[in-house]
Amino acid sequence: MTDENQPDNPNEENFDPITDHRDWSAAETELGCFALARSKGKRLVKIINTKKPSMRFICIFEDYPE
C-alpha cells in the first residue's frame, strides 16, 4: 500500500450511533465522560474522539461485574 491509502490513525475507531448497540453517551470533554459514568453508576470502558463538533467525545459504558 502507498502512503496515500494509509489511514491517518489506524487505531481510531469510527463511531456510528445508529448501529452501535453499546451503552454510550456523548460529552464535550473527556472529563465529562468520567462524570457521566459516575452519575450512571457504570464503568467507563472507552472514550472515542470523533473530532466532530456535535459529538466530540463518545463515552462507552458497561455495568460493573457483580
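First, a word on what this report is: a plain description of the structure on this page.

Rules behind the numbers
- Residues numbered from 1 in each chain as written.
- Predicted model: local features only at pLDDT ≥ 70, side-chain atom pairs only at ≥ 80, totals over all residues.
- Heavy atoms only, no water.
- Helix = DSSP H or I, 4+ residues; strand = E, 2+ residues; numbered from the N terminus.
- Buried < 20%, exposed > 50% of the residue type's maximum accessible area, 1.4 Å probe, protein only.
- Contact = heavy atoms within 4.5 Å.
- Pairing = 2+ DSSP bridges.
- Axes fitted to C-alpha atoms, helices over the stretch in contact; angles between N-to-C directions.
- Core = buried A, V, L, I, M, F, W, Y, C linked by side-chain atoms within 4.5 Å.
- Salt bridge = Lys/Arg side-chain N within 4 Å of Asp/Glu carboxyl O.
- Phe/Tyr/Trp six-rings, centres within 6.5 Å; stacked < 30°, edge-to-face > 60°.

**Points about the overall build of the protein**
Turning to step 1, where the next piece is worked out: A count of helices and strands for the protein gives 1 helix and 3 strands.
Turning to step 2, where the next piece is worked out: Burial analysis of the protein (66 residues in total) assigns 20% to the buried set.
Turning to step 3, where the next piece is worked out: Contacts in the protein between residues at least 24 apart in sequence constitute 47% of all its contacts with a sequence separation of at least 6.

**Observations regarding the sheet that holds strand S1 (residues 23-27)**
Turning to step 1, where the next piece is worked out: Read across the sheet, 3 strands follow the order S1-S3-S2 without closing on themselves; strand pairing throughout is antiparallel. Of all strands in the sheet, those with a lone pairing partner are S1 and strand S2 (43-49), marking the two edges. Recorded for the sheet is a direction-independent mean angle of 25° between the axes of neighbouring strands.
Turning to step 2, where the next piece is worked out: Pairing of S2 with strand S3 (residues 57-62) involves 6 bridges; the strand directions are antiparallel. Following the sheet pairing, Asn49 is matched in S3 by Phe57.

**A few points about the nonpolar core**
Soluble globular proteins tend to pack their nonpolar side chains together in the buried interior.
Turning to step 1, where the next piece is worked out: Counting residues in hydrophobic clusters, the biggest one holds 6 residues: Ala27, Cys33, Ala37, Phe57, Cys59 and Phe61.
Turning to step 2, where the next piece is worked out: Secondary-structure elements contributing two or more residues to this core are helix H1 (30-40) and S3.
Turning to step 3, where the next piece is worked out: Not counting residues up to four positions away in its chain, the partners in contact with Phe61 are Asp23, Trp24, Ser25, Cys33, Leu36, Ala37, Lys40, Lys42, Arg43, Leu44 and Val45.

**A closer look at the pattern of salt bridges**
Turning to step 1, where the next piece is worked out: As enumerated under the stated definition, the model contains 5 salt bridges in all.
Turning to step 2, where the next piece is worked out: Note that Arg22 and Asp20 form a salt bridge whose closest N and O atoms lie 2.8 Å from each other.
Turning to step 3, where the next piece is worked out: We classify Asp20 as buried; its relative accessible area is 16%.
Turning to step 4, where the next piece is worked out: With a shortest N-O distance of 1.9 Å, Arg43 and Glu62 are connected by a salt bridge. Here Glu62 lies in strand S3 and Arg43 lies in strand S2, a separation of 19 residues in the sequence.
Turning to step 5, where the next piece is worked out: What makes Arg43 partly exposed here is its relative accessible area of 34%.

**As for the packing of aromatic side chains**
Turning to step 1, where the next piece is worked out: On inspection of all chains with the given rule, the structure shows 1 aromatic pair.
Turning to step 2, where the next piece is worked out: Note on Phe15 and Trp24: the rings are 4.9 Å apart at their centroids and 75° apart in plane angle, and the pair reads as edge-to-face.
Turning to step 3, where the next piece is worked out: Look at Phe15 and you get buried, because its relative accessible area is 12%.

Remember that the coordinates give geometry; whether it matters functionally is a separate question.
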